[in-house]
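The lines below spell out each chain.
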Amino acid sequence: MDFKLSEEQLMIRDAARDFAKTELLPGVIERDNKQEFPTQQVKRMGELGFLGMMASPEYGGGGMDTISYVLVMEELSKIDASCSVIVSVNNSLVCWGLDTYGTPEQKEKYLTKLTTGESIGAFCLSEPEAGSDATSQKTTAVDKGDHYILNGTKNWITNGGSADYYLVIAQTDKEKKHKGINAFIVEKGWEGFEIGPKEDKLGIRGSDTHSLIFNDVKVPKENRIGEDGFGFKFAMKTLAGGRIGIAAQALGIAAGAYELAKEYAKVRKAFGTEIMNHQAIAFKLADMHVQIEAARMLVYKAAMDKDNHENYDLSGAMAKLVASQAAMDVSIEAVQVHGGNGFVKEYHVERLMRDAKITQIYEGTSEIQKIVISRSILRD
């Protein structure tokens, strides 16, 4: 086992770290307060190659490994999880899905713009009655020969108002249940496609989350991804990789909160000495460090499994489960270490605590991860 990162991976990590500190940190509190989408920062992330890291160079992607991707996700998430979730969705759910399962024509038309940041993507699976239960799709796509007619509603869609292209999962044949589900590429501005109001969220307030409404939207047949009935498998395969991205986001939130707490403990004084010299605080920092390192190893293991073309359903679920718990635990303790200052915005840890919670919910709740894990271990 070799835990050393390559020179290229270290260079990518350092580039992301520098970008996060110099371009994401300024204004991050204001963007959170105003729920302001980071348009300029997203443009820069596209220029730096962060939006299509794992996609084929043939279509403008970086052709990088998953380890490099999670390193970038971790560094961005230490500072601004709203920006990192945009990177996660565009890379893990949209670019990867199109690059792996799209036709050459679909890749040329859509992927080349998504990898460079010229366009942004969104992944549309969740519905009012189909969140964790992804098989219960109420959105329908009726086959009309050379096109489909799409009707339904999607909820909680990241990049919902800012995306240009949407990967939409819909039921084509109800009798076939999950084998009658398809995935489609839908463009913003198509007739009958409406974007609902922006959600007012607890955390990741800089990213935009919307409901989407489809009223008799005409989707060309060439915009279906894969063979008829491939949609559910497409969604599950894509989400398995997406979980690694969110695990890395959770890891970054935890690491960012820990670093702030550690630095604060070195300068804040109580009872005549820096609070790091009090065992109560020192032990908190020790627990935080151990929890982060354990999560990091699971995240890297899942990324390595993916890079080695091994099944990463189990390792990805474990990474997300443990890293998201670490994000919650560590960010809460970071607020505690800061005391009253932890409760005000200027010290950043209260925002990290709010951002942490969503990592236990989206791309499969912690309860869903336990279902995936238990089914996997009980098959042996």
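Here is what the cut-offs are and how they apply
Residues numbered from 1 in each chain as written. Predicted model: local features only at pLDDT ≥ 70, side-chain atom pairs only at ≥ 80, totals over all residues. Heavy atoms only, no water. Helix = DSSP H or I, 4+ residues; strand = E, 2+ residues; numbered from the N terminus. Expected span 1.5 Å × (residues − 1). 1 Å grid on protein atoms, 1.4 Å probe; cavity = no way out; pocket = protein on both sides within 12 Å on 5 of 7 lines; lining within 4 Å. Points joined across faces, edges and corners; volume = space filled by probe spheres on them. Nonpolar A, V, L, I, M, F, W, Y, C, P; charged D, E, K, R; others polar. Domains from an automatic or database assignment. UniProt positions renumbered as here; feature names shortened; annotations may be inferred.

J.: So, helix H9 (residues 313–338): which residues are in play, and what are the values?
T.: An ideal rise of 1.5 Å per residue puts 38 Å on 26 residues; H9 measures up with 37 Å between its terminal C-alpha atoms. Just past H9, the residue Gly-339 takes up positive phi, approximately 60°.

J.: Mind laying out the layout of surface pockets, listing which residues take part and the relevant values?
T.: Considering only enclosed or pocket space, the largest pocket measures out at about 1400 Å³ in volume. What lines the largest pocket is a set of 49 residues, and nearest its centre among them are Gly-131, Leu-239, Arg-243, Glu-363 and Gly-364. Breaking the lining of the largest pocket down by element, the ones donating at least two residues are helix H5 (81–101), strand S3 (147–158), helix H7 (231–267), H9, helix H10 (349–358) and helix H11 (366–379). Taken together, the residues of the lining of the largest pocket break down into 22 nonpolar, 14 polar and 13 charged. Counted as a void, the second largest pocket has a volume near 320 Å³. Contributing to the lining of the second largest pocket are 13 residues, with Asp-2, Phe-3, Ile-67, Tyr-300 and Met-304 lying nearest its centre. Top element by residues in the lining of the second largest pocket is helix H8 (residues 279–307). It accounts for 5 residues. A class-by-class count of the residues in the lining of the second largest pocket yields 7 nonpolar, 1 polar and 5 charged. Shared between two domains, the lining of the second largest pocket takes at least three residues from each, and those domains are domain 1 (7–120) and domain 3 (232–378).

J.: If you had to explain the UniProt feature "domain: Acyl-CoA dehydrogenase/oxidase N-terminal" (unreviewed entry) in the chain to someone new, which residues and values would you point to?
T.: As annotated in UniProt, the feature "domain: Acyl-CoA dehydrogenase/oxidase N-terminal" (unreviewed entry) corresponds to residues 6–118 in the numbering used here. Taken end to end, residues 6–118 is 73% helix and 0% strand, and its first and last C-alpha atoms sit 30 Å apart.

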